[in-house]
Amino acid sequence: MEIALIVIVSYLLGSIPSGLIVGKAFYGIDIREHGSGNLGGTNTFRTLGKKAGIIVTAADILKGTLASSLPVMFGVAGQIDPLIAGMIAVVGHMYPVFAKFKGGKAVATSGGVLLACAPVMFLVMVVVFLLSLYITKFVSLSSIIASIVAVIYAVIAKEPLLIIVVSLLSLFVIYRHRANIKRIINKTEPKIKWM
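Here the structure is a predicted model, which is why all the values come from computation and not from measurement.

### Topic: the overall build of the protein
So, step 1. The helix and strand tally for the protein stands at 10 helices and 0 strands.
So, step 2. Across the protein, helices and strands are ordered from the amino to the carboxyl terminus as α-α-α-α-α-α-α-α-α-α.
So, step 3. In terms of C-alpha radius of gyration, the protein reaches 16 Å, essentially the compact-globule figure of 16 Å for 195 residues.
So, step 4. Based on the C-alpha atoms only, the size of the protein along its principal axes is roughly 45 × 40 × 25 Å.
So, step 5. The 195 residues of the protein split such that 45% are buried.
So, step 6. A total accessible area of about 10,000 Å² is found for the protein, and carbon and sulfur atoms account for 72% of it.
So, step 7. One finds the centroid of the 18 positive side-chain charges in the protein at a distance of 13 Å from the centroid of its 7 negative side-chain charges.

This is the structure in C-alpha cells:
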C-alpha cells in the first residue's frame, strides 16, 4: 500500500506545473503561450525574467528531491529505491496530469533526484552545466552535456541502479531536447545573453 502511494504521490509531485503556476499567479501570463511554450525553467527565464526563472527552477528541483525522499520518509526504502521514486516524479514533470501532459524537459527535476540520492554527482553536474553554459551560451546543449557527464560519473561509481536510472534520465533529457538539437545544427537556437 505504501509503495503504491509513493508511486502516485511521486507522479503528482512531478506533475505540479511550477512555471504555469508562477506565471499565472504572479504575472498573469500563461508561459505555454510564449517562447518555446515549455513549462520549464528555461522558458520561464526567457518569458518572465530571472526572478521567476530561479523560483521555477528551484521548485522543479525540489519536486525531484522531495519525491526521492518519500521512500525514506515512509520507511520503505528497502522496497522502493529513492531513485525509482524520483524517476517517477521526472515522468510526472515531463507529462503532468495537471497541464494536459505537456511539461518540462526533465533537467531540473532530474537534478533534484540526484541532489537527494547522489549529492556529489549533483554538484558535478551543476559545475559542468555552468561551465558549458559559459562557453557555449546554449542552455539546451549545456543540459545535454551535463546529463552525459552524469552517466559517465554513474559508470565510474559502479552502482548498477544508479547507472540505469541516470542513463534513463539522460535519455529523457536528450529526447526532450531533440528540437533544440535540430536548431543548434541549423544555427537557429537562441543563446543566453546574461553570461
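Next, the rest of the story.
### Some thoughts on the side chain of N43
So, step 1. Note that N43 resides in helix 3 (residues 41–48).
So, step 2. A polar contact is formed between the side chain of N43 and the backbone nitrogen of S36, at a distance of 3.1 Å.
So, step 3. Beyond its immediate chain neighbours, meaning those up to four positions away, N43 contacts I31, H34, G35, S36, G37 and N38.

### Here we look at unusual backbone geometry
So, step 1. Unusually for a residue other than glycine, F101 sits at a positive phi of about 65°.
So, step 2. With respect to the helices and strands, the residue F101 is situated in the loop between helix 5 (82–94) and helix 6 (107–117).
So, step 3. Classification of F101 as partly exposed rests on a relative accessible area of 48%.
So, step 4. Phi is positive for K158, close to 60°, though the residue is something other than glycine.
So, step 5. Checked against the element boundaries, K158 lands in the loop between helix 8 (139–157) and helix 9 (160–176).

Rules used in this analysis
- Residues numbered from 1 in each chain as written.
- Predicted model: local features only at pLDDT ≥ 70, side-chain atom pairs only at ≥ 80, totals over all residues.
- Heavy atoms only, no water.
- Helix = DSSP H or I, 4+ residues; strand = E, 2+ residues; numbered from the N terminus.
- Rg over C-alpha atoms; globule rule 2.2 N^0.38 Å.
- Buried < 20%, exposed > 50% of the residue type's maximum accessible area, 1.4 Å probe, protein only.
- Areas by Shrake-Rupley, 256 points an atom, 1.4 Å probe, with all protein chains shown as cover.
- Lys, Arg positive; Asp, Glu negative; His and termini not counted.
- Charge placed at Lys NZ, Arg CZ, Asp CG, Glu CD.
- Polar contact = N/O pair within 3.5 Å; in protein donor to acceptor, adjacent residues only side chain to side chain.
- Contact = heavy atoms within 4.5 Å.

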